[in-house]
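Letter by letter, the chains look like this.
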Amino acid sequence: MKSAAHLFFFWIAASVPLGSQPSQADTARPVPLQPMAQQARQLVEALNYLGQPLSASEQKAINAAIALPDENAAVEALERIFDTHVLVNVDISPESRVK
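Quick notes on the rules
Residues numbered from 1 in each chain as written. Predicted model: local features only at pLDDT ≥ 70, side-chain atom pairs only at ≥ 80, totals over all residues. Heavy atoms only, no water. Core = buried A, V, L, I, M, F, W, Y, C linked by side-chain atoms within 4.5 Å. Buried < 20%, exposed > 50% of the residue type's maximum accessible area, 1.4 Å probe, protein only. Helix = DSSP H or I, 4+ residues; strand = E, 2+ residues; numbered from the N terminus. Contact = heavy atoms within 4.5 Å. Expected span 1.5 Å × (residues − 1). pLDDT = per-residue confidence, 0-100. Axes fitted to C-alpha atoms, helices over the stretch in contact; angles between N-to-C directions. Parallel < 35°, antiparallel > 145°, perpendicular 65-115°, else oblique. Left-handed = near helix turned anticlockwise from the far one by under 90°. Nonpolar A, V, L, I, M, F, W, Y, C, P; charged D, E, K, R; others polar.

**With respect to the nonpolar core**
With 16 residues, the main nonpolar core has Leu33, Val44, Leu54, Ile62, Ala65, Leu78 and Phe82 as its most contacted residues. Taken together, the elements giving at least two residues each to this core come down to helix H3 (33-49), helix H4 (56-66) and helix H5 (71-83). Those residues within four positions of Leu33 in sequence are excluded, and the remaining contacts are Ile66, Glu71, Ala74, Val75 and Leu78.

**Brief notes about H3**
A rise of 1.5 Å per residue sets the reference length of H3, with its 17 residues, at 24 Å; its end C-alpha atoms lie 24 Å apart and thus fit the reference within 8%. The first or second residue beyond H3 is Gly51, which carries a positive phi of 85 degrees.

**Here's the deal with the confidence of the model for the protein**
The predicted coordinates of low-pLDDT regions are not to be read in fine detail. Residues at a pLDDT of 70 or more form 69% of the protein, whose mean pLDDT is 80. Mean pLDDT in the protein bottoms out at helix H2 (residues 24-28), which sits at 47, and peaks at H4, which reaches 96.

**Points about the packing of H4 against H5**
Viewed as axis vectors pointing N to C, H4 and H5 meet at an angle of 165 degrees, and their least axial separation amounts to 8 Å. Taken together, the axes of H4 and H5 lie roughly antiparallel to each other. The chirality of how H4 crosses H5 is left-handed. In this structure, H4 contributes Glu58, Ala61, Ile62, Ala65 and Ile66 to the contact, and H5 contributes Ala74, Ala77, Leu78, Ile81 and Phe82. In the contact of H4 with H5, the residues fall into nine nonpolar, no polar and one charged.

This is the structure:
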C-alpha cells in the first residue's frame with residue numbers, strides 16, 4: 001500500500017507542469033488556466049487524501065490565483081505556490097537526454 005501511495009504521488013507530481021525555470025517551449029505556448037486549475041485542485045485533493053494537506057494560507061492563495069482575471073498571471077501564481085513543494089526538476093531535451 002505504501003508503494004502504491006508513493007507511485008500515486010509521483011504520478012500526480014509528474015503530471016503537473018511545474019518548473020522553477022521556464023523552458024523555451026513554456027515561453028512559446030502559455031499554459032491555459034482551466035487545465036492548470038483542474039490539476040491544482042486534483043493535487044490538493046490527493047495531498048489531503050494522503051494526509052499531507054497544504055496549509056490554509058496556501059489553499060487560500062490557490063483559490064485567489066484561480067480567481068484572477070488574467071490567465072497568465074493566474075498560472076504564474078499557481079506555479080509559484082507549488083514551486084515551494086518541488087523536490088526534483090527533470091529536464092528532458094529534444095534529444096531525450098535527461099539532466
